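# Notes for the structure review
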Amino acid sequence: KYIEREQLVEVIKLNLSGARGGMSKYFTLTKQGYEAISKKPPKKSGGTGAMHYFLEKYMQKSLSEKGFTDLVIEKNIGGKRIDLFGKYDGLKVGIEICCSTIKTEFRNVRKDIDKCDVLIIVTPDKKTKEKLVKELFKKIKPDEKLKICVVHELLNDPEKIINKS
């Protein structure tokens, strides 16, 4: 509790397994936390916020254990960066993380869709996913290359997400 009260960490609550029983807590150091241990915070680019950064790192590690290869965070392709980019079963897969800013995802889809065989937008929870689907498909037509899921769905069964039509 002390490290939370002193704002040395930010608490991220997520259900990354999809199982019932509530959220797990993940902790990331804040700027003050890094100062307290006399370290520099890692350089971040792309999406802002502790949850976005945590999900990039967590998915990079977890998806590499699920058959993804060459996973790169903030991969620059043709002057545009994709949150996470790699290969799965020979397909070029781009992953965008949508924590809350639904507005930017329309722009991300337009910039990323032609650079990937599959573009996946992951959200931290079902509510954000539903809101994203509702707003996004007001502006664009559904595309078989575009997949939208909650992060635990991709972590648990990437094959199902990537190959669903």
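Structure report, in brief. All chains use their own residue numbering, which begins from 1 and follows the written sequence. In keeping with the predicted nature of the model, local features appear solely for residues at pLDDT of at least 70, side-chain atom pairs appear and are counted solely at 80 or more, and the whole-chain, interface and lining totals rest on all residues. Excluding hydrogens and water, the side-chain values take into account all heavy atoms of the structure.

## Observations regarding the overall build of the protein
Only DSSP runs of H or I reaching four residues or more are called helices, and only runs of E reaching two or more are called strands; each is numbered from the N terminus. Regarding its fold elements, the protein presents seven helices and seven strands. Helices and strands appear in the protein in the N-to-C order α-β-β-α-α-β-β-β-α-β-α-β-α-α. A radius of gyration in this sense is built from C-alpha atoms; the matching globule rule multiplies 2.2 Å by the number of residues raised to 0.38. Taking 2.2 N^0.38 as the reference for a compact globule, 165 residues should give roughly 15 Å; the C-alpha atoms of the protein span a radius of gyration of 16 Å, in line with that estimate. Projected onto its principal axes, the C-alpha positions of the protein cover 50 × 35 × 30 Å.

## Comments concerning the packing of helix α4 (residues 102–112) against helix α5 (residues 126–139)
For the pair α4 and α5, the least separation of the axes is 10 Å and the interaxial angle reads 55°. The orientation of α4 with respect to α5, classified from their angle, is oblique. Like other packed secondary-structure pairs, α4 and α5 cross with a definite hand, here right-handed. Here α4 contributes Ile 102, Glu 105, Phe 106 and Val 109 to the contact with α5, which in turn contributes Thr 128, Lys 131, Leu 132, Glu 135, Leu 136 and Lys 139. Orientation is described by lines fitted to C-alpha atoms, with helices fitted over the stretch in contact, and by angles between N-to-C directions that extend from 0 to 180 degrees. Our angle categories are set so that under 35 degrees counts as roughly parallel, over 145 as roughly antiparallel, 65 to 115 as roughly perpendicular, and the remainder as oblique. Crossings are assigned a handedness: left-handed for a near helix turned anticlockwise from the far helix by less than a right angle, right-handed for a clockwise turn. Residue contacts are counted whenever heavy atoms from the two residues lie within 4.5 Å of one another.

## Considering the nonpolar core
Among soluble globular proteins, nonpolar side chains are generally buried collectively. Among the buried residues, those of types Ala, Val, Leu, Ile, Met, Phe, Trp, Tyr and Cys that are joined through side-chain atoms within 4.5 Å form a nonpolar core. Burial classes: relative accessible area under 20% of the type maximum marks a residue as buried, over 50% as exposed, and values in between as partly exposed (1.4 Å probe, protein chains only). Formed by 25 residues in total, the largest nonpolar core has its most connected members in Met 59, Leu 63, Ile 95, Ile 120, Val 122 and Leu 154. Of all the secondary-structure elements, those providing two or more residues to this core are β1 (9–14), α3 (50–64), β3 (68–77), β4 (80–88), β5 (91–97), β6 (118–123), α6 (151–156) and α7 (158–163). Ranked by residues supplied to this core, first place goes to α3 with five residues. Ignoring sequence-local partners within four residues, the contact set of Ile 120 consists of Val 93, Gly 94, Ile 95, Glu 96, Lys 147, Cys 149, Leu 154, Ile 161 and Ile 162. Core analysis: the second largest hydrophobic core is formed by 12 residues, Phe 106, Val 109, Ile 113 and Leu 132 among them.

## A short note on the sheet that holds β3
Taking strand neighbours across the sheet as the criterion, the five strands line up as β3-β4-β5-β6-β7 in an open arrangement whose pairing is mixed. Looking at the sheet topology across the chains shown, the edges are occupied by β3 and β7 (146–150). Mean inter-strand twist for the sheet, computed between neighbouring axes without regard to direction, equals 25°. Across the sheet, α3 touches β3, β4, β5 and β6, and the angle it forms with β3 is around 150°. The pairing criterion for strands is at least two bridges between them, as found by DSSP.

## Describing the packing of aromatic side chains
Two rings belonging to Phe, Tyr or Trp (six-membered ring only in the last case) form a pair when the distance between their centres is within 6.5 Å. Interplanar angles under 30 degrees mark stacking, angles over 60 mark edge-to-face geometry, and anything in between is tilted. Tallying each qualifying case throughout the model produces four aromatic pairs. With a centroid separation of 4.9 Å and an interplanar angle of 40°, the aromatic rings of Phe 68 and Tyr 88 are classed as tilted. A residue pair is termed long-range when its members are at least 10 positions apart, and Phe 68 in strand β3 and Tyr 88 in strand β4 qualify at 20 residues. As far as burial versus exposure is concerned, Phe 68 and Tyr 88 are alike and both buried. Members of the aromatic cluster, connected to one another through ring pairs, are Tyr 26, Phe 54 and Tyr 58.

## Focus: the environment of Phe 137
Within the secondary structure layout, Phe 137 lies in helix α5. Phe 137 sits in the partly exposed class, given a relative accessible area of 31%. Between the alpha carbons of Phe 137 and Phe 106 there is a distance of 9.0 Å; along the sequence they are 31 residues apart. Residues contacting Phe 137, with those up to four places away along its chain left out, are Pro 142, Leu 146 and Ile 148.

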